[in-house]
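# Structural description and commentary
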Amino acid sequence: DNLIDPHIYYQIKAFQNSGINIIFISNSNIPDADKKNLRTFVSEIIERSNSGFDFGAWKEILLKRNQSFFNEYDELILCNSTCYGPLFPLSDVFHHMNQTPCDFWGMTQHIRTELFPEHLQSYFLVFRHSVLQSEYFWSFWKNLPVPTSLHSAIHNGELALTQYFSSHGFHYVPYVKILEPEK
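A brief structural summary. The structure displayed is predicted, hence computed values, not measured ones.

### Details of the overall build of the protein
For the protein, the count of helices and strands is seven helices and seven strands. Reading the protein from its N end, one meets helices and strands in the order α-β-α-β-α-β-α-β-β-β-α-α-α-β. In terms of C-alpha radius of gyration, the protein reaches 16 Å, essentially the compact-globule figure of 16 Å for 183 residues. Overall size of the protein, expressed as C-alpha extent along the three principal axes, is 50 × 35 × 35 Å. Out of the 183 residues in the protein, the part that is buried amounts to 42%. The long-range share in the protein, meaning contacts at least 24 apart out of those at least 6 apart in sequence, stands at 66%. Side-chain charges in the protein split into 13 positive and 19 negative, and the spacing between the mean points of these groups amounts to 5 Å.

Have a look at this one:
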């Protein structure tokens, strides 16, 4: 229906209340009434074709902005609208994570299984300045194939991202640590 659901406004307001500059990317056209409402909360609205899933959208916008655009920012948050929330103030999350030494972090992790490596889940990722200013960050996005299926988005995006950055010396942590089940 292309309408902005109430839970998305709730999420955007939570980011705005935490002092976060928001660029809103939609993989569909947004009705004028919703654009008008969004403009009170976000610095920019970008509408694009519905291709490439989240990683395709992030790749497109990051590469259009290029590295110098991010020089003034301490962190870059990439998130989507697949989860409801936040269920508690984001300021609590950011306060805790600002005290946590790492180069990038996510809200949750997926534990290692027979099928998947341990990785941060991509619905909420934060990259600190050390990553943003590295050649590896930009190389990841330049070389990421635009996903053509959900499988390729997960395999080449979500699963590959954590492994790629950690293999280049960047340390990650999840905000919520998932414990491996006892055997």
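### Focus: the pattern of salt bridges
Under the criterion given, the structure shown has five salt bridges. In this structure, the salt-bridge partner of glutamate 60 is lysine 64, at a minimum N-O distance of 3.3 Å. Of this pair, glutamate 60 and lysine 64 are both found in helix 3 (residues 53-65), four residues apart, which corresponds to roughly one turn of the helix. In this structure lysine 64 comes out as exposed when scored by relative accessible area, which is 60%. Two residues, glutamate 75 and arginine 128, come together in a salt bridge whose shortest N-O distance is 3.1 Å. Here the residue glutamate 75 occupies a position in strand 3 (residues 75-79), and arginine 128 occupies one in strand 6 (residues 124-128), the gap between them amounting to 53 residues.

### Regarding the packing of helix 3 against helix 6 (residues 135-143)
Two numbers describe how helix 3 lies on helix 6: the axes approach to 9 Å, and their chain directions differ by 120°. By the angle between their axes, helix 3 is oblique relative to helix 6. Relative to helix 6, the crossing made by helix 3 is left-handed. For the pair formed by helix 3 and helix 6, the contact residues are Phe55, Trp58, Lys59, Leu62 and Leu63 on the first element and Phe137, Trp138, Trp141 and Lys142 on the second. Here the contact of helix 3 with helix 6 is built from residues that sort into seven nonpolar, no polar and two charged.

What counts as what
Residues numbered from 1 in each chain as written. Predicted model: local features only at pLDDT ≥ 70, side-chain atom pairs only at ≥ 80, totals over all residues. Heavy atoms only, no water. Helix = DSSP H or I, 4+ residues; strand = E, 2+ residues; numbered from the N terminus. Rg over C-alpha atoms; globule rule 2.2 N^0.38 Å. Buried < 20%, exposed > 50% of the residue type's maximum accessible area, 1.4 Å probe, protein only. Contact = heavy atoms within 4.5 Å. Lys, Arg positive; Asp, Glu negative; His and termini not counted. Charge placed at Lys NZ, Arg CZ, Asp CG, Glu CD. Salt bridge = Lys/Arg side-chain N within 4 Å of Asp/Glu carboxyl O. Axes fitted to C-alpha atoms, helices over the stretch in contact; angles between N-to-C directions. Parallel < 35°, antiparallel > 145°, perpendicular 65-115°, else oblique. Left-handed = near helix turned anticlockwise from the far one by under 90°. Nonpolar A, V, L, I, M, F, W, Y, C, P; charged D, E, K, R; others polar.

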